[in-house]
Amino acid sequence: QVQLKESGGGLVQAGGSLRLSCAASERTLSSYIVGWFRQAPAKEREFVAYITRSRDSTNYADSVKGRFTISRDNAKNTVYLQMNSLKPEDTAVYYCAARYYSSYSSSPSGYAYWGQGTQVTVSS
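Predicted model only: the values in this text are computed from it and were never measured.

Caption draft 1: Examining the nonpolar core more closely. Within the largest apolar cluster, 36 residues are counted, with the highest numbers of intra-cluster contacts made by Trp36, Leu81, Met83 and Tyr94. Only β3 (18-24), β4 (33-39), β5 (46-51), β7 (68-73), β8 (78-83), β9 (92-99) and β11 (118-123) provide two or more residues apiece to this core.

See below:
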């Protein structure tokens, strides 16, 4: 079992940037595919991005492609989400999640371990 904790959220103006971090309790985060998801009020949780164990593959939601970058530092047991050119519609609670299986997934149901979330608010 792995415990995840997000940080780096906050309030930013449209066009600004934030970097979210997802730190793991175990030294074996490298064994997991890690994804970022977000949930806005009254909306379902949606996929943002994932990164494979060896960083050889990433995938992004169309809504963030070209603006967000997911990366990982396995030595630090941390996954990052660099968010640039933020828009008010990016406002949500952002969650990181870990998936042990080797197959990729962009569905929240495919991830067994979740952090508590960090709030990102983008003002217009």
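Caption draft 2: Just the pairing of β5, in detail. With 5 of 6 residues buried, β5 is to be regarded as a mostly interior element. Judged from the 5 bridges that link them, β4 and β5 form a sheet pairing that is antiparallel. Residue pairing in the sheet places Arg38 in a bridge with Glu46 of β5. The turn linking β4 back onto β5 is made up of 6 residues, and Ala42 within it adopts a positive phi angle of 65°. Taken together, the 3 bridges between β5 and strand β6 (residues 58-60) define a ladder with antiparallel strand orientation. When the bridges of β6 are listed, Ile51 appears paired with Thr58.

Caption draft 3: Region of the structure containing the sheet that holds strand β1 (residues 4-7). The antiparallel open sheet is built from 4 strands, whose spatial order is β1-β3-β8-β7. In this open sheet, the two edge strands, each paired with only one partner strand, are β1 and β7. Each adjacent strand pair in this sheet contributes to an overall mean axis angle of 15°, direction not counted. Across 4 bridges, β1 lies against β3 in antiparallel orientation. Opposite Glu6, over in β3, you have Cys22 as the bridge partner.

Cut-offs and rules
Residues numbered from 1 in each chain as written. Predicted model: local features only at pLDDT ≥ 70, side-chain atom pairs only at ≥ 80, totals over all residues. Heavy atoms only, no water. Core = buried A, V, L, I, M, F, W, Y, C linked by side-chain atoms within 4.5 Å. Buried < 20%, exposed > 50% of the residue type's maximum accessible area, 1.4 Å probe, protein only. Helix = DSSP H or I, 4+ residues; strand = E, 2+ residues; numbered from the N terminus. Pairing = 2+ DSSP bridges. Axes fitted to C-alpha atoms, helices over the stretch in contact; angles between N-to-C directions.

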